[in-house]
Amino acid sequence: MKRIIVGMGTCGLSAGAQATYNRLEELAEANPDVCMLSRTGCIGMCYREPLVEIREGDNRIIYGGVTSESADKIFSKHVLGNEIIDDDNLVYGCGSDGKTFGSECEFLDQQERIVLRNCGIIDPESIKEYEDAGGYEGARKALNEMTSEEIIQTIKDSGLRGRGGAGFPTGLKWSFAAANEGEQKYVICNADEGDPGAFMDRSVLEGDPHAILEGMIVCAKAIEATFGYIYCRAEYPLAIHRLEIAILEARERGYLGTNIMDSGFDFDLKIKQGAGAFVCGEETALFASIEGERGMPRIRPPFPAEKGLWQKPTNNNNVETFANVPWIICNGAEAYSAFGTEKSPGTKVFALAGKVVHGGLAEVPMGTTIEDLVFKIGGGIKEGKEFKAVQMGGPSGGCIPAVMKNTPVDFESIPATGAIMGSGGMVVMDEDTCMVSIARFFLDFTQKESCGKCTFCRIGTLRMLEILERLTRGEGEPEDIEKLEKLSVQIKEASLCGLGQTAPNPVQTTIRYYLDEYEAHIYDKKCPAGECQALVEFYIEPDKCVGCTLCAKNCPVDAISGKVKEVHVIDDEICVKCGKCLTSCNFGAVKTR
Amino acid sequence: MKGVIKTAAKNESFSYRLWKYEGAPGELIPLLQSAQEHFGYIPRRAINYIAGVTGISESDIYGVITFYSQFRLQPMGKYVIRACAGTACHVSGAKLIRETIEDELGIEVGDTTEDGLFTLNTVACIGCCSLAPVIMINNDTHGRLTPASVRKIIRNYRKKAVEKTDSIASTS
């Protein structure tokens with residue numbers, strides 16, 4: 001019996017997986033003896049969605065770009081006719097001999113999947129499939145065969161470090177919460193993935209929700225907590241939906257509730273939806289938000305392990321951290337620390353996005369170089385352009401230039417560049433990306449998301465943003481760079497939480513590595529990347545212009561001349577760089593340089 | 001106050017939640033979320049109800065509402081366009097898409113068109129980075145946009161809305 005599995009994470013659904021699924025459902029219902037249809041989470045190859053896998057025993061074939069029309073062909077030829085359709089849409093294949101093939105097999109072959117072990121393999125809405133894949137064995141072992149100390153020691157030995165970005169040793173964190181006495185303790189899973197450009201946690205939540213519940217159960221036993229919360233972004237409705245199903249199923253099977261798995265231990269949990277505030281990713285702000293207040297960070301100490309949520313001892317970890325835990329308990333600390341580097345063991349999931357050919361999710365051992373991620377797994381830069389930089393760590397991180405592409409990705413090497421490891425968002429930039437503009441972009445984000453508690457963060461980021469906006473408009477002054485550097489130091493020193501302490505990172509790293517671009521904006525009033533609208537020249541590419549006159553009609557200053565069906569020309573002397581021609585052209589003929 | 005709501009409409013989710021409220025701490029944000037789900041935004045009277053039931057002052061509730069970007073104090077258009085402003089979209093030309101939408105609708109980010117059809121907002125990241133640049137219209141995602149394709153998409157929505165009103169007008 002063949003299994004047809006449709007990738008239905010948010011990325012798949014946005015690419016039209018629902019229509020593909022509906023069509024396959026019709027076909028499968030008409031042929032019930034031949035196949036079984038099911039869904040799965042993100043397979044990782046977001047750039048080839050919608051993805052459909054045909055699985056028979058150990059044989060796996062994944063087709064990419066499957067629309068409701070091409071689903072018919074796959075069904076009749078492959079499912080009914082047993083003929084593998086060997087064209088460009090065959091993205092991945094794996095035979096019973098373990099050999100892999102397909103146009104994108106390198107993308108999957110170069111990964112080590114621990115966190116993503118079930119993502120894209122099992123149906124996230126079925127607890128049975130999770131159990132069949134070895135699910136809840138880690139929790140069973142931890143609850144029935146291990147003491148709290150043994151669990152914490154195992155996690156310590158594995159060397160697992162917090163995957164939310166800071167990289168604090170997880171075992172050590174648990175030992176703090178375990179050491180504090182209290183009748184009520186809490187376990188919190190931080191699923192408030194706020195970095196724009198990062199979607200690892202979303203994929204795990206959508207693709208393997210039980211792994212997170214299991215990780216939390218193990219943690220609860222280790223620190224003797226009886227209640228937990230998953231704080232999830234409201235912007236992830238599918239993740240919340242699948243978590244709700246997972247919690248209900250887990251309760252039914254006795255994995256949550258009282259006397260779970262006959263161990264005499266009680267633990268239950270609840271989802272709390274975030275309401276759209278980046279700062280709530282900071283743990284003390286997250287507690288405030290769960291308590292129903294404005295999500296503003298609190299002064300530490302007291303630390304959460306002592307007085308966290310509702311002033312009770314609390315342990316808070318990120319989604320990916322929890323997803324690692326069951327694997328470590330089942331396979332042992334040594335198996336985990338065999339991956340990665342000495343100080344940063346294990347694997348890390350990265351969300352590759354931006355100007356990279358293969359945008360998607362990739363899990364690799366720590367210590368893999370940026371070059372390997374971008375070129376070997378990511379397939380290089382789109383349209384054959386030049387690799388300029390990667391941005392890691394979102395608004396708290398920084399840009400690492402192409403010349404440093406040999407930097408291994410781990411908790412020691414990345415901070416040395418001025419960026420941060422962050423949660424795993426990796427946005428690739430090419431020659432067309434302006435570094436001043438990207439710094440302005442992140443400052444705009446942090447400035448809006450600053451909760452306003454600390455003056456330097458609230459007002460300092462605004463002053464920095466004003467300077468950067470001036471620069472991108474060509475109104476920069478020579479002393480601006482010095483002002484930016486000074487403000488950066490002040491904001492970092494005088495802010496209470498991670499948001500303010502890291503907000504200047506994007507500016508500092510771009511000044512450090514791309515000072516010439518800043519200077520070009522200030523002294524030459526030019527944007528070398530051709531991105532800052534006020535500093536570029538608009539022109540019409542003769543080959544693409546069909547002479548529809550739309551741009552000329554929309555130009556507010558009559559800078560565009562040309563007759564119907566003839567190539568139009570922009571007079572740079574008259575042009576005010578408003579961009580109206582750029583947004584009105586239906587043929588992509590208006591360009592900037 | 002509590003009694004009024006109890007009998008008024010306890011079958012409706014927001015009212016039911018209010019009615020069910022038993023002083024559990026930390027329930028303010030879920031209450032506001034269900035109010036918004038019910039009304040489409042948080043009207044003054046919802047704040048009033050919540051204050052009456054929870055005992056939290058209206059000004060404190062207002063403080064929480066304005067802190068979180070999810071909450072809205074104004075009604076929204078029939079189609080809410082959320083233009084993604086995440087990093088991946090930014091480097092793939094999200095600004096150009098946003099400006100095209102503003103131009104097409106004649107409004108700026110945060111506004112609603114006069115006919116009440118469209119509201120344009122930005123969102124930090126939808127998480128479909130590989131389809132950048134992306135917008136969401138209500139719950140549908142549209143990716144790999146160009147100025148021309150985004151105009152076409154919006155016009156289709158407008159056409160759909162006009163057709164609907166026409167068919168209603170002709171049947172009545």
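Bear in mind that the values here come from a model prediction, so they are computed numbers and not experimental data.

Moving on, we come to the overall build of chain A. Each helix and strand counted, chain A has 24 helices and 19 strands in total. Its C-alpha atoms give chain A a radius of gyration of 26 Å, within 12% of the compact-globule value 25 Å for 593 residues. The proportion of buried residues among the 593 residues of chain A is 60%. By sequence separation, contacts in chain A at least 24 residues apart represent 70% of the contacts at least 6 residues apart. Accessible area for chain A stands at about 22,400 Å²; split by element, carbon and sulfur atoms hold 49% of it. Of the charged side chains in chain A, 62 are positive and 88 negative, and the gap between their average positions amounts to 4 Å.

Moving on: empty space enclosed by the protein. All names here are of chain A. Scanning all chains against the criterion turns up 5 cavities of 30 Å³ or more. The calculated volume of the largest cavity comes to roughly 100 Å³. Around the largest cavity sit 16 residues that line it, and C555, P556, C575, C578 and C581 are the ones nearest its centre. Residue assignment for the lining of the largest cavity shows that the elements contributing at least two residues are α23 (550-554) and α24 (580-584).

This next bit is on the domain arrangement of chain B. How big an interface is tends to be expressed through the accessible area that disappears when the partners come together. Entries for chain B in the domain assignment read domain 1 (2-67) and domain 2 (79-171). Just the C-alpha atoms count here: the centres of domain 1 of chain B and domain 2 of chain B sit 31 Å apart.

This brings us to the state of the cysteines. A full pass over the atoms with the stated rule returns 0 disulfides over all chains. In this structure C527 of chain A is not part of a disulfide, and its nearest cysteine sulfur, from C434 of chain A, lies 3.7 Å away. Residue C527 of chain A is classed as buried on the basis of its relative accessible area of 6%. Free cysteine: C89 of chain B, not disulfide-bonded; nearest cysteine sulfur from C84 of chain B at 3.6 Å.

What follows is about the interface of chain A and chain B. At the interface, 53 residues of chain A touch 40 residues of chain B. Each partner contributes to the roughly 3,500 Å² buried at the junction of chain A and chain B, and carbon and sulfur atoms together form 57% of this total. Contact with chain B buries area across many residues of chain A, yet A275, R294 and T583 of chain A alone supply 18% of it, more than any other trio. The tally of links between chain A and chain B comes to 3 salt bridges.

Moving on to the pairing of strand β13 (residues 387-392) of chain A. The two faces of the sheet receive side chains in turn, since in a regular strand these alternate between them. Residue and element names in this part refer to chain A. Most of β13 sits inside the fold, with 6 of its 6 residues counted as buried. In this structure, β13 lies alongside strand β15 (residues 425-430), joined through 5 bridges in antiparallel fashion. Within β15, the position partnered with A389 by the bridge is M429. Both β13 and strand β14 (residues 398-401) contribute to a ladder of 4 bridges, which runs antiparallel. Looking across to β14, one finds that V390 is bridged to I400.

So, on to the domain arrangement of chain A. The assigned domain composition of chain A is domain 1 (2-105), domain 2 (127-336), domain 3 (347-430), domain 4 (435-524) and domain 5 (537-592). On a C-alpha basis, the centres of domain 1 of chain A and domain 5 of chain A stand 45 Å from each other.

All names here are of chain A. One open sheet accounts for 5 strands, arranged β12-β11-β15-β13-β14; its pairing is mixed. Looking at strand neighbours, the two that pair on one side only are β12 (360-365) and β14, the edges of this open sheet. For this sheet, the mean angle separating the axes of adjacent strands, direction not counted, is 30 degrees. Note that strand β11 (residues 347-354) and β12 share 6 bridges and pair antiparallel. Within the sheet, the bridge partner assigned to F350 lies in β12 and is A362. Across the sheet, helix α17 (residues 435-449) lies against β13, β14 and β15, angled at about 15 degrees from β13, the strand it touches most.

Tallied over the full model, the rule gives 42 salt bridges over all chains. Residues E27 of chain B and K270 of chain A are paired through a salt bridge, measuring 4.0 Å at the closest nitrogen-oxygen approach. Taken together, the residues E27 of chain B in the loop between α2 (13-20) and α3 (28-39) and K270 of chain A in strand β9 (residues 268-273) connect one chain to another. With a closest N to O distance of 3.5 Å, E104 of chain B and R158 of chain B form a salt bridge. Taken together, the residues E104 of chain B in helix α7 (residues 94-105) and R158 of chain B in helix α8 (residues 147-171) connect sequence positions 54 residues apart. You can call E104 of chain B buried: its relative accessible area is 12%.

Turning to the side chain of D123 of chain A, a few remarks are in order. All names here are of chain A. Following the sequence through the fold, D123 ends up in the loop between α4 (105-109) and α5 (127-132). Although D123 lies buried, it forms no salt bridge, and the closest oppositely charged side chain, R39, sits 4.5 Å away as judged by the N-O distance. A polar side-chain atom of D123 sits 2.9 Å from the main-chain amide nitrogen of E125. Beyond its immediate stretch of four places on either side in the chain, D123 contacts R39 and E129.

So, about the layout of surface pockets. Its volume calculated, the second largest pocket comes out at about 1,800 Å³. Counting only elements with at least two residues in the lining of the second largest pocket, the list comes to α17, α18 (455-472) and β19 (590-592) of chain A together with α6 (87-91), α7 and α8 of chain B. Looking at the lining of the second largest pocket element by element, the count peaks at 6 residues for α7 of chain B. Along the lines of polarity and charge, the residues of the lining of the second largest pocket split into 16 nonpolar, 13 polar and 18 charged.

Attention shifts here to the environment of Q490 of chain A. Mapped onto the fold, Q490 of chain A is located in helix α19 (residues 480-493). Separated by 30 residues in the primary sequence, Q490 of chain A and G460 of chain A place their C-alpha atoms 8.1 Å from one another.

Here is what the cut-offs are and how they apply
- Every chain is numbered on its own, with residues counted from 1 as its sequence reads.
- Numbering of ligands from 1 and lettering of chains from A proceed in the order in which they are written.
- Selection of residues for local features in this predicted model requires a pLDDT of at least 70, selection of side-chain atom pairs for listing and counting requires 80 or more, and totals for whole chains, interfaces and linings are taken over all residues.
- Only hydrogens and water are removed before side-chain values are computed, so all heavy atoms of the structure are retained for them.
- We count a stretch as a helix when DSSP gives it H or I for four or more residues in a row; a strand needs E for two or more, and each element gets its number in order from the N terminus.
- When we talk radius of gyration, it's over C-alpha atoms, and the globule rule is simply 2.2 Å times the number of residues to the 0.38.
- Relative accessibility decides the category of a residue: with a 1.4 Å probe and only protein chains considered, values under 20% of the type maximum give buried, values over 50% give exposed, and everything between is partly exposed.
- What makes two residues a contact is simply this: any of their non-hydrogen atoms within 4.5 Å.
- Each accessible area is a Shrake-Rupley estimate made with a 1.4 Å probe; only the visible protein chains count as cover when residues are assessed.
- The sign given to each residue is positive for Lys and Arg and negative for Asp and Glu; His and the chain ends receive no count.
- To locate a charge, take atom NZ for lysine, CZ for arginine, CG for aspartate or CD for glutamate.
- The definitions used throughout rest on a 1 Å grid laid over the protein atoms alone, on which a cavity is an enclosed set of points accommodating a 1.4 Å probe that cannot get out and a pocket is an open set flanked by protein within 12 Å on both sides along at least five of seven lines; lining residues are those having an atom within 4 Å of a point.
- Grid points are joined across faces, edges and corners, and a volume is the space filled by probe spheres set on the points.
- For every domain, the bounds stem from an assignment made automatically or drawn from a database.
- Cysteine sulfur atoms are paired as a disulfide whenever they come within 2.5 Å of each other.
- Throughout, the accessible surface (probe 1.4 Å) given up by two parts as they are put together, summed over both, is called the buried area.
- A carboxyl oxygen of Asp or Glu within 4 Å of a side-chain nitrogen of Lys or Arg is what we treat as a salt bridge.
- Any two strands with at least two DSSP bridges between them are considered paired.
- Working convention: axes come from line fits to C-alpha atoms, limited for helices to the stretch in contact. Angles between N-to-C directions cover 0 to 180 degrees.
- By the criterion applied in these results, polar contacts are pairs of N or O atoms within 3.5 Å in which, for protein atoms, one can donate a hydrogen and the other can accept it, and in which residues neighboring in sequence qualify only through two side-chain atoms.
- Each residue is assigned to one of three groups, with Ala, Val, Leu, Ile, Met, Phe, Trp, Tyr, Cys and Pro labelled nonpolar, Asp, Glu, Lys and Arg labelled charged, and all others, Gly among them, labelled polar.

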